[in-house]
Amino acid sequence: MNAKSPISKRHHLEGPPPEVLVTGGAGYIGSHTVRALQRAGFGVVVLDTLTTGHLAALEAAGDFKLYQADLRSEQDLEACFKNHIFQGVIHFAGLALVGESVRDPEKYYGTNVIGSLNLLTACKRHDVKNFVFSSTCSTYGVPKAVPIDESHPQHPINPYGRTKLAVEHALQSYHEAHSLFYVALRYFNAAGADPEGALGEHHDPETHLIPNAFKVALGLADHLTLNGRDYPTRDGTCVRDYIHVTDLGDAHVLALEHLLKGGDSGFFNLGTGEGNTVLEVVKACEDASGKPIKVVDGPRREGDPPELVADPTKARKVLGFTPKRSNIREICTDAWNWFKNHPNGY
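First things first, this report covers the structure right here in the doc.

Conventions and cut-offs
Residues numbered from 1 in each chain as written. Predicted model: local features only at pLDDT ≥ 70, side-chain atom pairs only at ≥ 80, totals over all residues. Heavy atoms only, no water. Helix = DSSP H or I, 4+ residues; strand = E, 2+ residues; numbered from the N terminus. Rg over C-alpha atoms; globule rule 2.2 N^0.38 Å. Buried < 20%, exposed > 50% of the residue type's maximum accessible area, 1.4 Å probe, protein only. Contact = heavy atoms within 4.5 Å. Areas by Shrake-Rupley, 256 points an atom, 1.4 Å probe, with all protein chains shown as cover. Lys, Arg positive; Asp, Glu negative; His and termini not counted. Charge placed at Lys NZ, Arg CZ, Asp CG, Glu CD. Salt bridge = Lys/Arg side-chain N within 4 Å of Asp/Glu carboxyl O. Core = buried A, V, L, I, M, F, W, Y, C linked by side-chain atoms within 4.5 Å. Axes fitted to C-alpha atoms, helices over the stretch in contact; angles between N-to-C directions. Parallel < 35°, antiparallel > 145°, perpendicular 65-115°, else oblique. Left-handed = near helix turned anticlockwise from the far one by under 90°. Nonpolar A, V, L, I, M, F, W, Y, C, P; charged D, E, K, R; others polar.

Considering the overall build of the protein chain
In terms of regular secondary structure, the protein chain is built from eleven helices and 14 strands. Compactness check: the protein chain gives a C-alpha radius of gyration of 19 Å against a globular reference of 20 Å for 346 residues, within 12% of the reference. Taken along the three principal axes of its C-alpha coordinates, the protein chain extends 55 × 40 × 40 Å. A buried classification covers 53% of the 346 residues belonging to the protein chain. In the protein chain, 78% of the contacts between residues at least 6 apart in sequence involve partners at least 24 apart. Carbon and sulfur atoms provide 50% of the accessible area of the protein chain, an area that totals close to 15,000 Å². Taking the average place of the 34 positive charges on the side chains of the protein chain and the average place of its 41 negative ones, the gap between the two points comes to 2 Å.

Structure follows, in structure tokens:
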């Protein structure tokens with residue numbers, strides 16, 4: 001796109017740090033991004049229902065102002081926006097369980113789509129021009145080829161992916177109609193924990209591979225179920241592109257700074273360009289914990305593609321983003337250091 005985001009002068013002035021609104025900032029990636037924003041010199045305002053997020057994660061992340069509020073409530077949003085002059089919004093808030101989205105699409109469209117539209121409308125009403133969106137590689141659906149670049153067709157196969165794609169389309173429309181400037185970040189597999197040990201991963205229910213592997217290592221579960229061992233990959237298990245959560249936090253800061261400096265709107269993959277099989281990740285978890293992890297074979301999960309790996313070239317060239325800690329061994333080591341000290345999460 002040829003239009004440029006308006007350059008923020010306030011970002012470069014002395015005085016109070018520029019304020020950024022982070023929706024869903026008490027969540028896994030959100031809390032790591034709150035810490036990264038603070039270290040980059042931003043003031044952070046968090047809007048979160050605390051339904052799935054954790055106040056303890058925010059307290060560990062550093063200084064913040066919190067609005068315990070729901071994006072589906074226009075009154076809640078107005079109460080937040082009227083008290084601040086935001087230089088940008090980073091939007092994480094939403095639901096992200098694929099299986100639940102299939103069973104309860106109304107919940108996902110209501111939260112992910114309607115909530116996001118309310119937020120975009122609040123940005124329009126209060127003249128907030130810079131917007132960073134937490135999207136997903138699930139918008140691509142089953143890949144036609146890997147690695148996947150941003151021009152790959154988007155055919156999501158579940159309501160979760162469809163709601164994220166709907167918000168991407170809304171961002172384009174708000175850009176065209178209202179001069180909103182955006183960066184949408186399509187994550188691959190977020191993993192790991194804060195290397196300093198203050199922040200980690202705590203979901204209920206937990207669906208991610210590495211936390212569930214460590215539950216077995218800690219004796220909190222008997223075994224890890226392996227969902228399919230007959231895929232056309234090097235060891236028969238699914239291949240995924242894992243990216244460290246602290247690298248994701250840094251990427252959001254770079255995306256916001258890109259917009260504040262007048263950068264173009266656009267869509268970006270966040271991954272490493274390398275994939276690990278499920279069995280390779282389990283081995284890395286065993287090495288990190290020093291404990292055996294019992295694996296039991298189970299059926300394939302419906303809709304699981306054999307391989308999901310990003311082409312991260314665009315994010316590197318345009319945003320200057322290069323992952324620093326996303327080697328699978330570092331990811332698992334940092335995650336284990338969190339889980340062994342927080343076996344029950346926050």
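Comments concerning the side chain of His 258
Positionally, His 258 belongs in helix H8 (residues 245-260). When near neighbours in sequence (up to four residues on either side) are disregarded, His 258 contacts Val 183, Gly 263, Asp 264, Val 318 and Leu 319.

Regarding the side chain of Asn 276
Residue position: Asn 276 is located in strand S12 (residues 276-277). Setting aside chain neighbours within four positions, we find Asn 276 in contact with Arg 234, Cys 238, Val 239, Arg 240, Tyr 242, Val 281 and Ile 328.

As for the pattern of salt bridges
Under the counting rule described, the total for this entry stands at 19 salt bridges. Across the pair Asp 127 and Lys 129 runs a salt bridge whose closest N-O atoms are separated by 3.7 Å. Across the salt bridge formed by Glu 280 and Arg 234, the nearest N and O atoms sit 2.8 Å from each other. Pair noted here: Glu 280 is in helix H9 (residues 278-289) and Arg 234 is in the loop between strand S8 (224-227) and strand S9 (239-240), with a separation of 46 residues, a long-range link. Shared partners join several salt bridges into a network, and the residues in it are Arg 35, Arg 39, Asp 194 and Glu 196.

As for the nonpolar core
Formed by 37 residues in total, the largest nonpolar core has its most connected members in Ile 29, Leu 37, Leu 185, Leu 256 and Leu 270. For this core, the elements supplying multiple residues, two or more each, are strand S1 (19-23), helix H1 (28-39), strand S2 (43-48), helix H2 (55-61), strand S6 (181-187), H8, strand S11 (266-270) and helix H10 (313-319). With eight residues, the single largest contributor to this core is H8. Ignoring any residue separated from it by four or fewer positions in sequence, one finds Leu 37 in contact with Val 20, Val 22, Phe 42, Val 44, Ile 90, Val 253 and Leu 256. Membership of the second largest hydrophobic core comes to 26 residues, among which are Leu 209, Ala 217, Tyr 231 and Cys 285.

Description of the packing of H9 against helix H11 (residues 328-341)
Between H9 and H11, the shortest axis-to-axis distance is 9 Å and the interhelical angle comes to 50 degrees. As judged from the angle between their axes, H9 and H11 are oblique. The hand of the H9/H11 crossing is right-handed. Residues Val 281, Ala 284, Cys 285, Asp 287, Ala 288 and Ser 289 of H9 form the contact with H11, whose participating residues are Ile 328, Arg 329, Cys 332, Thr 333 and Trp 336. Of the residues contributing to the contact of H9 with H11, the split by class is seven nonpolar, two polar and two charged.

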